[in-house]
Amino acid sequence: MTRLRALIFDVDGTLADTERDGHRIAFNRAFAEAGLDWDWDVPLYGELLEVTGGRERILYYLDRFRPDFPRPEDLDGFIRGLHLAKTRIYTDLLGSGRIPLRPGVERLLRAARAAGLRLGIATTTTPVNVLALLENTLGPESPAWFDVIAAGEMVPAKKPAPDIYVYALDALGLSAAECLAFEDSRNGLLAARAVGLPTLVTVNAYTRDHDFTGASLVIDELGGPERPFTVIQGEAGEARWVDLDLLAEVHRRAHA
Ligand code: XBP
Ligand code: MG
């Protein structure tokens, strides 16, 4: 049987709950800075999350919710400008340390490293956002824990397209059968499954009701000795939090 060699993590919603109190706030502040009266409240942002990628999300908002908004001549440049401001505001927000990693994430990353498992990242967000999150939560050296940080426009198509996972596997020099993916959303799950990666899902408030057909295991969080997870879909046996034994079992079952 193929050995489990690497864990590949999504970022937004999986490593940290970045969407509601991070990205959403940054979008709104960028809109205000530009003199726009757009306000993405919590429920509306949930609808907008259907579209991955910040620039794509702004365009989708305009098309679907602001058909009356007069389109600037250079719409692409206008959206790029807004998104650049949003990225600046978002990375500043992360710098203020307000967004922690989700429960169990640091524990699992450290355990994986100690056991010689390799780590990778596959996300649609902008690369500087990933570095800012890692550096501000795990320390300045932590980006080097990951053998690949595949992000944003390194590939032509964002999730649910499989491109970012193809890129990550290629950079790791591994096959899907040697890895597990960690996701929080249906779009992420579709991307990972499209390349054949067994996928463990940790849901959050925005993704709790998504269709996770095809996931190996769906739980509320990775958990830990003091905070057991709740299984939403799939089988975790006697495990009460995600550790390397459970991951080995999930991997074994996926390839049985
Ligand atoms: C994350 C996203 C991103 C972020 C915003 O999806 O959809 O668009 O919300 O990041 P996933 P940017 O977790 O599936 O990778 O504004 O930098 O695009
Ligand atoms: Mg995600």
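Residues numbered from 1 in each chain as written. Chains lettered and ligands numbered in written order. Predicted model: local features only at pLDDT ≥ 70, side-chain atom pairs only at ≥ 80, totals over all residues. Heavy atoms only, no water.

Caption draft 1: Summary view of the nonpolar core. Ranked by internal contacts, the top residues of the largest apolar core, which has 44 residues, are L7, L15, F182, V242 and L247. Each residue touching F182, except ones within four places of it in the same chain, is listed here: L7, I8, F9, D10, T14, L108, Y165, L200, L222 and L247. The next biggest cluster of nonpolar side chains, apart from the first, holds 18 residues, and it includes A6, L172, C179 and L197. (Core = buried A, V, L, I, M, F, W, Y, C linked by side-chain atoms within 4.5 Å. Buried < 20%, exposed > 50% of the residue type's maximum accessible area, 1.4 Å probe, protein only. Contact = heavy atoms within 4.5 Å.)

Caption draft 2: Main features of the packing of helix α4 (residues 75-95) against helix α6 (residues 127-138). Here α4 crosses α6 at 10°, and the two axes come no closer than 9 Å. By the angle between their directions, the pair α4 and α6 is classed as roughly parallel. Here K86, T87, Y90, T91, L94 and G95 of α4 lie close against α6, whose contacting residues are V128, N129, A132, L133 and N136. Taken together, the residues of the contact of α4 with α6 break down into five nonpolar, five polar and one charged. (Axes fitted to C-alpha atoms, helices over the stretch in contact; angles between N-to-C directions. Helix = DSSP H or I, 4+ residues; strand = E, 2+ residues; numbered from the N terminus. Parallel < 35°, antiparallel > 145°, perpendicular 65-115°, else oblique. Nonpolar A, V, L, I, M, F, W, Y, C, P; charged D, E, K, R; others polar.)

Caption draft 3: Highlighting the site of ligand 1. Around ligand 1, the surrounding shell holds 18 residues, and the nearest of these are G54, H83, K86, T125 and T126. T123 is positioned with one of its side-chain polar atoms (N or O) 3.4 Å from an oxygen atom of ligand 1. In this structure, an oxygen atom belonging to ligand 1 sits 2.9 Å away from a main-chain N or O atom of T124. Protein coverage of the free-state accessible area of ligand 1, which is 450 Å², stands at 98%. Elements represented by at least two residues in the shell around ligand 1 include exactly α1 (19-33), α3 (54-65) and α4. Here the shell around ligand 1 takes three residues from α1, the largest share from any one element. Classifying every residue of the shell around ligand 1 gives two nonpolar, 10 polar and six charged. (Near = heavy atom within 4 Å. Polar contact = N/O pair within 3.5 Å; in protein donor to acceptor, adjacent residues only side chain to side chain. Areas by Shrake-Rupley, 256 points an atom, 1.4 Å probe, with all protein chains shown as cover.)

Caption draft 4: Quick peek at the packing of α1 against α3. Here α1 crosses α3 at 65°, and the two axes come no closer than 13 Å. Classified by chirality, the crossing of α3 by α1 is right-handed. Contact with α1, carried on its side by E19, F27 and F31, involves G54, R57 and I58 of α3 and no other residues of that element. Classifying every residue of the contact of α1 with α3 by side-chain character gives three nonpolar, one polar and two charged. (Left-handed = near helix turned anticlockwise from the far one by under 90°.)

Caption draft 5: Summary view of unusual backbone geometry. A cis amide bond links K159 to the next residue, P160, at an omega of 15°. In this structure, P160 sits in the loop between β3 (148-151) and α7 (163-172).

Caption draft 6: Layout of the sheet that holds strand β1 (residues 6-9). One open sheet holds the seven strands; their spatial order is β3-β2-β1-β4-β5-β6-β7, and the pairing between them is mixed. Since the sheet does not close on itself, it has two edges, and those belong to β3 and β7 (231-234), each with one partner. On average, each strand axis in the sheet is inclined to that of its neighbour by 15°, with strand direction left out of account. Two strands pair when backbone bridges link them, and strand β4 (residues 179-183) and strand β5 (residues 199-202) are joined in this way by three bridges, in the parallel orientation. Each bridged residue has a counterpart across the sheet, and for F182 the counterpart in β5 is L200. Each of β2 (118-123) and β3 touches α6; the most contacted strand, β3, lies at about 135° to it. Packed on one face of the sheet, helix α8 (residues 186-194) meets β4 and β5 and runs near 170° to β5. (Pairing = 2+ DSSP bridges.)

Caption draft 7: Fine view of the pattern of salt bridges. Within this structure, the stated rule accounts for 18 salt bridges. One salt bridge connects R66 with D37, and the closest N-O pair in it is separated by 3.4 Å. Taken together, the residues span a long stretch of sequence, with R66 in the loop between α3 and α4 and D37 in the loop between α1 and α2 (42-48) at a distance of 29 residues. Residue D37 is classed as exposed on the basis of its relative accessible area of 59%. Counted as one network, the salt bridges with shared partners bring together R55, E56, E153 and K158. (Salt bridge = Lys/Arg side-chain N within 4 Å of Asp/Glu carboxyl O.)

Caption draft 8: Representation of α6. Here α6 contains 12 residues, and its C-alpha end-to-end distance of 16 Å stays within 8% of the 16 Å for a straight helix at 1.5 Å per residue. Within α6, the full set of buried residues consists of N129, V130, A132, L133, L134 and L138. (Expected span 1.5 Å × (residues − 1).)

Caption draft 9: Up close: α4. Taking 1.5 Å per residue, 21 residues should reach 30 Å; α4 reaches 30 Å between its end C-alpha atoms and fits that length. Turning to α4, its buried residues number three or more, namely I79, L82, H83, A85, K86, T87, I89, Y90, L93 and L94. For α4, the elements touching its buried residues are α1, α3 and α6. Phi turns positive, to about 75°, at G97, one or two residues after α4.

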